[in-house]
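Chain by chain, the residues run as shown.
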Amino acid sequence: MQRGTNTKKKVPSWEVVGALLALYRKQAGLTQPQLATHLCVGLETLGSIEQGRRALRLSLAREIDDLLETKGALTVAVSKAPKKERFPAFVQDFIELEAQALNLCSYENGVVPGLLQSAEYARAVFDSLYPPITSQEAEDRMLDRLDRQRIFEQKPWPPMMSFLLDESVLERAIGGPEVLRGQILHLRQMAELPFLAIQIIPKSRTKHAGLDGPMVLIETPDHEHVAYIEGQRVSCLIDDPDEVGILQAKYGMLRSQALTPEETMGLLDRLAGET
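Notes on the structure in this doc start here. Note that the structure is a prediction, hence the values are computed from the model and not measured.

### Focus on the packing of aromatic side chains
Two measures describe an aromatic ring pair: the distance that separates the ring centres and the angle between the ring planes.
Part 1 of the reasoning: Taken as a whole, this structure holds three aromatic pairs when the rule is applied.
Part 2 of the reasoning: Put simply, the rings of F152, W157 and F195 pair up and form one aromatic cluster.

Structural data, given as structure tokens:
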């Protein structure tokens, strides 16, 4: 999408929000490393937010307001940011639903799901985009992706999660053999989490219910069920019960066609050369 020109250059809203955050942090007598530690976010992430290079998410704004006792100032600033300066509406909705999910089920046949990506693998994914993006944009997107993984730190307990991956995903050396091996080891570590199940659909499977592509199924805190699907340059949220029901049935069939979680751990060990 092309943007028109204007004789008056406006300061992007995220630069204003970032400047406010830096001001409140300094007034509280905290350095960037200290605040990053308090918030359990990366130092690079906080620096990018303060510089206005990436958006401050509403949930994090609330957390900072509580920590710095800024009486909701950052929350209001983020909520009032023009929508055109945020993620596309459907992406923003999906990210918020993902963060609040009671249950999350994901199927991928092209790349490792974003929530399970290592930093190196995520960066390699964004470096592979075409048309290409700048190195800084790739870095910012990688940090955004890692931020979403804070879902695993939710208290008192993260959502219950199920991930299905085609075995072919683990044969595609995105970023090179060492990046792939690191990603496989990361998956093996994640597979030990008590609230998370990873299952691989073996390439030897002659019947496959997921040939139409990836999907994510979410149960919300209100026990509503939605689906998120992606394709080439298009993504959408689905909340029609009939359509979501079809995708849930498809996901159930895929689980029956996959290796068990225990068998998957064994395959990951073999792929990483650990056995």
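### A word on helix 10 (residues 241–257)
An α-helical segment advances 3.6 residues per turn. Residues three or four places apart therefore align on the same side.
Part 1 of the reasoning: Along its 17 residues, helix 10 runs 24 Å from first to last C-alpha, staying within 8% of the 24 Å computed at 1.5 Å per residue.
Part 2 of the reasoning: Within helix 10, burial applies to V244, L247, Y251, L254 and Q257. Along the long axis of helix 10, the arc covered by the buried residues comes to 130°, so they all point the same way. Of the residues in helix 10, the exposed ones pointing more than 90 degrees away from the buried face are P241, D242 and A249.
Part 3 of the reasoning: Its side-chain oxygen placed 3.1 Å from the backbone nitrogen of D242, D240 serves as the N-cap of helix 10.

### Examining the side chain of T75
Part 1 of the reasoning: Looking at the element boundaries, T75 is found in helix 5 (residues 73–79).
Part 2 of the reasoning: Taking the relative accessible area as the measure of exposure, T75 reaches 17% and is therefore buried.
Part 3 of the reasoning: Not counting chain neighbours up to four residues away, the residues in contact with T75 comprise L58, A61, R62 and D65.

### Here's the deal with the side chain of T70
Part 1 of the reasoning: As for its placement among the helices and strands, T70 is situated in the loop between helix 4 (58–68) and helix 5.
Part 2 of the reasoning: For T70, a relative accessible area of 12% translates into the label buried.
Part 3 of the reasoning: Engagement of the side chain of T70 in a polar contact is seen with the side chain of D65, the distance being 2.4 Å.

### A word on the sheet that holds strand 2 (residues 160–166)
What links the strands of a sheet is backbone hydrogen bonding, and the strands pair in either a parallel or an antiparallel sense.
Part 1 of the reasoning: Pairing is mixed in the open sheet, where six strands are placed in the order 3-2-1-4-5-6. The outermost strands of the open sheet, each flanked by one partner alone, are strand 3 (196–201) and strand 6 (234–238). Between one strand axis and the next, the sheet turns by 10° as a mean value, whatever way the strands run.
Part 2 of the reasoning: Pairing analysis gives five bridges linking strand 1 (residues 103–108) to strand 4 (residues 215–219), with the strands arranged antiparallel.

Calculation notes
Residues numbered from 1 in each chain as written. Predicted model: local features only at pLDDT ≥ 70, side-chain atom pairs only at ≥ 80, totals over all residues. Heavy atoms only, no water. Phe/Tyr/Trp six-rings, centres within 6.5 Å; stacked < 30°, edge-to-face > 60°. Helix = DSSP H or I, 4+ residues; strand = E, 2+ residues; numbered from the N terminus. Expected span 1.5 Å × (residues − 1). Buried < 20%, exposed > 50% of the residue type's maximum accessible area, 1.4 Å probe, protein only. Arc of directions from axis to C-beta. Polar contact = N/O pair within 3.5 Å; in protein donor to acceptor, adjacent residues only side chain to side chain. Contact = heavy atoms within 4.5 Å. Pairing = 2+ DSSP bridges. Axes fitted to C-alpha atoms, helices over the stretch in contact; angles between N-to-C directions.

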